[in-house]
Amino acid sequence: MPGETAWSRVSVSPEPAAEHSTTFVPAVSDALTLSSLSLEALRNASAHRTRRFELVRLSRPVPVLRRGQHFDVVIKFNEQRPFDLEKDSLRLVFSFGQNPNAVKGTQGVVSILNDSSECWPVHDGRWYGRLKNSDSNETELEIRPSADAPIGVWRLKVETGVKEESSAIPKVYEHKEQIYLLFNPWVKDDATFMEKQALLDEYVLQDVGKIWVGTYQSHWGRQWVFGQFDKAVLPAAMFVLERANLDPTIRGNPIAISRAISKLVNSNDDAGVLVGNWSGNYAAGTAPGAWTGSVKILEQYHSTKQPVQFGQCWVFAGVTTTICRALGLPSRVVTNLVSAHDSNASLTVDKYFDYNSRPLDTGDSIWNFHVWNEAWMARPDLPKGYGGWQAIDATPQETSDGVYQCGPASLQAIRQGSVGFKYDVQFLISSVNADVVYWKQDPTAEIGYRRMNASTAEVGRKILTKQANVFDATGQADMEDITWLYKAKEGSQLERSTMYNAARGSTNARRYLLQPGEAREDLVFTLNDLDKINVGDKFEINVTIKNEVDDARTLDVTLCASSVYYNGVEANLIKKAAGKFKIRPRGRDVLRLEVTPTEYLPKLVEYGMMKIFAVATVLETKQTWAAEDDFQIVKPKISVKVIIYD
């Protein structure tokens, strides 16, 4: 019949009897002899929602199934008689990994004892099967894998015998083809189950999407082809999991799988999929901005077994979504506009300046945007209520348990400041809600630097994802703001309480976040934010200063403009001005620094990101203030219309 797969028979003979032994092994001449078997790849694919996988639609279809859901198997025997439940024994053994074991969940042993009139038992970690139909030509079975079976490539063998000859050695047949078994978020007993199943059309089955990039003031959805159904993707995803070297017994756990994916999509520790590069020099590979989808990346990685050059955060996230969705793990891409990189677990981004107001590199940074992923799963390792969306991040920033991996971190834990919960909750809290603290070198201060001022509302300005089951090819109607999932309203009492709750669980956070600022602040400073500047236009840095006391004050001020990469690293200093001036009692002044196109155009880098900052010190009181702003030099949009004449 179509789609049938031939089986190769493996002869099984008894061990030679020892000398003088009287051991007798009964014959199995009456046992059924299997001639062919079909896993009904196409028919099962429809029920399992895997029909879009190209592997299923090859000339020799490859079975792609989801755990916890029954599938059909059709067997033909050489004998011209039907399989008889009363007489014949029939056992299917599904195996995973090098040393399969039914007790450890890496082997599913199915004995056909009942017909389809029997109801399926509740999910209890075992595999079940039943007879669906049998006649002289073929026998049709229904098999249900356990809902927590390991994810990956399974093997199958079939044993036939006669019940009256239970001590006889069965006839054994080894199946030649691989069987892919995936997560099943449509089944309640699967740890990836999503109650609102319409969302799975997006988070598992949608193979194109958008990834938001840009600045807080100017951002757009970049289209990305996930391509999880391409014939190259599922084998590549399995190769990624093999390189993760996970114990087969935990390959069914979405917590372990998602954490491994976050580690293996970057190449920093295990020769994973992508090499990160933020230098602007991509001569040795493909520029991150040139990728438009995941398929070519995964295809190249699987064929060469070498990391692909190069990626940045949205590329890591796009590939992560592809692998997750291919495995059946609900996933989406998330963009954090104004994202903090906290390198010392202080819940702050600390900006240091020397005596002369020059910025110092300390490891902390603020990215104009950063992209990571969310995966949906239960969290039985955490208290009730912390399942659902979990943040994972494959971009290598800081190590976790000694390697570059991040998550899964419960969004509920992030929102509540529960830093003690696995995994990497504190790092994600900092990413979306860190305070930005400015310090200036001061030998009289306890730590050698005096805290100037802090901004509590700069980080995590907006957190975006693509709206489920909506696609706007030319606009932003499919953009969804999910900031509220990560934190309470900025500046609210609840938002501040969350940060203080998180700080109590971190020594560095108590040291930096909770340190008081300067008590006396006679002057009020405001750096006027820029939205976006059209390429070729000039712009100004404006700082408004208001003196609120009856005495004149002397100020030491530095204004600076630089081009930066999107991860906040300075590329080129464009213009800087520094000097002293007086402000009259109760006075108000505006300091301005103009930057012209001829000054900034030669020093722009990719994406046209700019950073301006200002630092001021009041000489009479030592009050010190600093602020910065990021914006983008944007190119005009070009519209192309194609006119076709008859």
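Per-chain numbering applies: the sequence of each chain, read as written, is numbered from 1 onward. Local features in this predicted model are restricted to residues whose pLDDT is 70 or higher, and side-chain atom pairs enter the listing and the counts only when it is 80 or higher, whereas totals over whole chains, interfaces and linings include all residues. Neither water nor hydrogens contribute to the side-chain values; these are computed over all heavy atoms in the structure.

### Examining unusual backbone geometry
The cut-off we apply is this: To qualify as a helix, a DSSP run of H or I must reach at least 4 residues; to qualify as a strand, a run of E must reach at least 2; elements of each kind are numbered from the N terminus.
Cis geometry marks the peptide bond from Gly-407 to Pro-408; its omega dihedral reads 0°. Along the polypeptide, Pro-408 turns up in the loop between strand E21 (388-392) and strand E22 (409-410). In the segment running from Lys-422 into Tyr-423, the intervening peptide bond is cis, with an omega of -5°. The residue Asp-424 is not glycine, and still its phi comes out positive at about 60°.

### A word on helix H4 (residues 254-264)
Given 3.6 residues per helical turn, the α-helix brings residues three or four places apart onto the same face. Using the following cut-off: With a 1.4 Å probe rolled over the protein chains alone, any residue whose accessible area is under 20% of its type maximum counts as buried; one over 50% counts as exposed, and the rest are partly exposed. Polar contact is the term for a pair of N or O atoms within 3.5 Å; when the atoms are in protein, one must be able to donate a hydrogen and the other to accept it, and sequence-neighboring residues count only if both atoms are side-chain atoms.
Burial within H4 is extensive, with eleven of its eleven residues counted as buried. For H4, every residue scored as buried is listed here: Pro-254, Ile-255, Ala-256, Ile-257, Ser-258, Arg-259, Ala-260, Ile-261, Ser-262, Lys-263 and Leu-264. At the N-terminal boundary of H4, the capping side chain belongs to Asn-253, with an oxygen 2.9 Å from the backbone nitrogen of Ile-255.

### Thoughts on a nonpolar patch on the surface
Stated precisely, the cut-off is as follows: Candidates for patches are residues over 30% relative accessible area with no salt bridge; among them, like charges are joined within 9 Å and nonpolar side chains (Val, Leu, Ile, Met, Phe, Trp, Tyr) within 5 Å. Every accessible area reported is derived by Shrake-Rupley at a probe size of 1.4 Å, with residue values counting cover from the shown protein chains alone. Salt bridge, as used here: a side-chain nitrogen of Lys or Arg that lies within 4 Å of a carboxyl oxygen of Asp or Glu.
On the surface, Ile-638, Val-640, Val-642 and Ile-644 cluster together to form a nonpolar patch covering roughly 540 Å² of accessible area. Residue position: Val-640 is located in the segment after strand E34 (624-634). Take Val-640: its relative accessible area is 70%, and that puts it in the exposed class.

### Focus: the sheet that holds strand E28 (residues 532-534)
Heads up, the rule is: For two strands to count as paired, DSSP must find a minimum of two bridges between them. In this description, a line fitted to the C-alpha atoms serves as the axis of each element, helices being fitted only across the stretch in contact, and the angle between N-to-C directions of two axes falls anywhere from 0 to 180 degrees.
Pairing in this open sheet of five strands is mixed, and the strands run E28-E34-E33-E30-E31 from one edge to the other. Two strands bound the open sheet, and with one partner strand each, they are E28 and strand E31 (570-583). Between one strand and the next, the sheet's axes are offset by a mean angle of 20°, whatever the strand orientation.

### Considerations on the UniProt feature "binding site: Ca(2+)" (unreviewed entry) in the protein
Where we set the bar: UniProt positions are given in the numbering used here, feature names are shortened, and annotations may be inferred rather than shown by experiment. Pairs of residues are marked as contacts when any of their non-hydrogen atoms sit within 4.5 Å.
Mapped onto this structure's residue numbering, the UniProt feature "binding site: Ca(2+)" (unreviewed entry) falls at Asn-433, Asp-435, Glu-490 and Glu-495. Across 63 residues in sequence, these annotated residues keep their C-alpha atoms within 11.7 Å of one another, forming a single compact spot. Note on placement: Asn-433 falls in helix H8 (residues 425-433). Asn-433 sits in the buried class, given a relative accessible area of 4%. Look past the residues within four positions of Asn-433 in its chain and what remains in contact with it is Val-459, Lys-487, Glu-490, Glu-495, Arg-496 and Met-499. Mapped onto the elements, Asp-435 comes out in strand E23 (residues 435-441).

### Let's talk about the nonpolar core
Most often, soluble globular proteins have nonpolar side chains that are buried together. Note the following rule: What we call a nonpolar core is a set of buried Ala, Val, Leu, Ile, Met, Phe, Trp, Tyr and Cys residues that are connected through their side-chain atoms within 4.5 Å.
Formed by 97 residues in total, the largest nonpolar core has its most connected members in Leu-234, Trp-314, Ile-323, Leu-327, Phe-369, Ile-414 and Tyr-486. At ten residues, the largest contribution of residues to this core is made by helix H6 (residues 313-327).

### Some points on the packing of aromatic side chains
Quick reminder of the rule: Geometry of aromatic contacts follows a simple scheme: Phe, Tyr and Trp rings, the Trp one being its six-membered ring, pair when their centres are within 6.5 Å, and the pair is stacked under 30 degrees between planes, edge-to-face over 60, tilted otherwise. Two limits define a charge over a ring: the Lys NZ or Arg CZ must be within 6 Å of the ring centre, and within 35 degrees of the ring normal.
Summed over the entire model, instances satisfying the criterion amount to 26 aromatic pairs. Ring centres of Phe-94 and Trp-127 lie 4.8 Å apart, and the angle between their planes is 20°; this geometry places the pair in the stacked category. Taken together, the positions of Phe-94 in strand E6 (residues 88-95) and Trp-127 in the loop between strand E7 (107-111) and strand E8 (128-134) put the pair 33 residues apart, joining distant regions of the chain. In this structure, Phe-94 and Trp-127 share a single accessibility class: buried. Ring pairing ties together the aromatic residues Trp-278, Trp-314, Phe-316, Trp-367, Phe-369, Tyr-566 and Tyr-607, which thus form one cluster. For the cation-ring pair, Arg-496 lies above Tyr-500, with the distance from its terminal atom to the ring centre recorded as 5.9 Å.

### A closer look at the sheet that holds strand E24 (residues 449-455)
As summarised here, the arrangement of the four strands in space is E19-E18-E23-E24, forming an open sheet in which the pairing is mixed. On the outer flanks of this sheet lie strand E19 (359-360) and E24, each paired with one strand and no other.

### With respect to the pairing of strand E3 (residues 34-38)
Taking burial as the measure, the five residues of E3 include four buried ones, the bulk of the element. Relative to strand E5 (residues 71-77), E3 runs antiparallel, the two being bridged by four bridges. Residue pairing for E5: Ser-36 is matched across the bridge by Lys-76.

### So, the pattern of salt bridges
According to the stated counting rule, one finds 36 salt bridges in the structure shown. Between Glu-40 and Arg-43 there is a salt bridge, with its nearest N and O atoms 2.9 Å apart. Across the salt bridge formed by Asp-354 and Arg-358, the nearest N and O atoms sit 3.1 Å from each other. Judged by its relative accessible area of 9%, Asp-354 is buried.

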